[in-house]
Amino acid sequence: DAKTTQPPSMDCAEGRAANLPCNHSTISGNEYVYWYRQIHSQGPQYIIHGLKNNETNEMASLIITEDRKSSTLILPHATLRDTAVYYCIVRDGNTGTASKLTFGTGTRLQVTL
Amino acid sequence: GAVVSQHPSWVICKSGTSVKIECRSLDFQATTMFWYRQFPKQSLMLMATSNEGSKATYEQGVEKDKFLINHASLTLSTLTVTSAHPEDSSFYICSARGLGGRATGELFFGEGSRLTVL
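Residues numbered from 1 in each chain as written. Chains lettered and ligands numbered in written order. Predicted model: local features only at pLDDT ≥ 70, side-chain atom pairs only at ≥ 80, totals over all residues. Heavy atoms only, no water.

## Notes on the nonpolar core
Okay, so step 1: Formed by 26 residues in total, the largest nonpolar core has its most connected members in Val4, Trp35, Phe67, Tyr92 and Leu115 of chain B.
Okay, so step 2: Mapped by element, the contributors of at least two residues to this core are β2 (10-13), β3 (19-25), β4 (30-38), β5 (45-51), β7 (67-73), β8 (76-81), β9 (90-98) and β11 (113-117) of chain B.
Okay, so step 3: Apart from residues no more than four positions distant in its own chain, leucine 115 of chain B is found in contact with Val11, Cys13, Val19, Val81, Asp88, Ser89, Ser90 and Tyr92 of chain B.
Okay, so step 4: Cys12, Leu62, Tyr86 and Cys88 of chain A belong to the second largest nonpolar core, which has 21 residues in total. (Core = buried A, V, L, I, M, F, W, Y, C linked by side-chain atoms within 4.5 Å. Buried < 20%, exposed > 50% of the residue type's maximum accessible area, 1.4 Å probe, protein only. Helix = DSSP H or I, 4+ residues; strand = E, 2+ residues; numbered from the N terminus. Contact = heavy atoms within 4.5 Å.)

## Topic: the sheet that holds strand β9 (residues 107-112) of chain A
Residue and element names in this part refer to chain A.
Okay, so step 1: Read from one edge to the other, the open sheet built from five strands follows the order β1-β9-β8-β3-β4, with strand pairing classed as mixed. Two strands close off the open sheet at either side, each with one partner strand: β1 (9-13) and β4 (45-50). Sheet twist, expressed as the average angle between the axes of neighbouring strands with direction ignored, equals 25 degrees.
Okay, so step 2: Pairing between strand β8 (residues 84-92) and β9: three bridges, direction antiparallel. From the neighbouring strand, tyrosine 86 faces β9, where its bridge partner is threonine 107. (Pairing = 2+ DSSP bridges. Axes fitted to C-alpha atoms, helices over the stretch in contact; angles between N-to-C directions.)

## Description of unusual backbone geometry
Okay, so step 1: With an omega of 0 degrees, the peptide bond running from histidine 7 of chain B to proline 8 of chain B counts as cis.
Okay, so step 2: As for its position among the elements, proline 8 of chain B is in the loop between β1 (4-7) and β2.
Okay, so step 3: With a phi close to 65 degrees, arginine 68 of chain A is a non-glycine residue in the positive phi region.
Okay, so step 4: Among the secondary structure elements, arginine 68 of chain A is positioned in the loop between β6 (61-64) and β7 (70-75).
Okay, so step 5: The backbone of serine 83 of chain B shows a phi angle near 45 degrees, a positive value even though the residue is not glycine.
Okay, so step 6: Within the secondary structure, serine 83 of chain B sits in the loop between β8 and β9.

## Here we look at the sheet that holds β1 of chain B
All names here are of chain B.
Okay, so step 1: The strand order β1-β3-β8-β7 describes an open sheet built from four strands, whose pairing is antiparallel. The open sheet is flanked by β1 and β7, the only strands paired with a single partner. Between one strand axis and the next, the sheet turns through 15 degrees on average, direction left out of account.
Okay, so step 2: Where β7 and β8 come together, five bridges link them in antiparallel fashion. Along β8, the bridge assignment pairs leucine 68 with threonine 80.

Following this line, the structure appears as structure tokens:
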């Protein structure tokens with residue numbers, strides 16, 4: 001039970017912003033939204049996470065709606081190397097417990113020339 | 001970010017043999033490690049959670065006697081696939097979580113180990 005819904009695939013032109021949506025309508029108050037990506041035949045790579053405020057780092061921005069039922073990962077200037085499967089995951093924010101990551105099917109982002 | 005290393009990155013073995021995969025946290029102490037399995041074109045499936053110094057907790061449907069997990073130190077967990085068969089061929093990925101320091105609470109993943117059983 002992945003608790004999130006993502007489109008199976010998306011295309012994006014190189015240099016453009018890639019906006020990847022995620023629905024998590026059953027998210028609870030102590031659950032964070034995490035984004036990971038997996039490039040073919042590699043382990044998942046952490047991108048960003050947030051609770052309720054928008055977050056930005058060197059890789060991406062995370063926009064979380066006010067009701068927290070959905071979020072959008074934004075890659076501001078997509079490159080060919082951003083082609084990967086992107087996973088949106090909700091996870092218990094209590095780091096005192098062995099809170100595991102449950103992966104859904106993710107969104108396969110294809111960046112094209 | 002913190003570094004998690006897996007070894008070997010790929011292995012080919014004969015049916016019936018056992019294969020050990022190592023997962024090391026290189027620059028932090030990992031109190032908890034997770035083992036995942038990924039079949040082609042599918043998502044990662046959690047197999048088990050291991051805590052240093054205690055028995056692993058297996059997910060439903062994962063045979064604990066077939067997939068032996070040992071987490072004997074704060075930087076090393078091993079997964080042994082016993083009596084491997086072709087259907088065990090998969091991409092095995094570990095992740096590690098630390099407490100304190102730069103790896104507080106976050107999960108970092110290894111590069112994965114591809115097992116092919118002939």
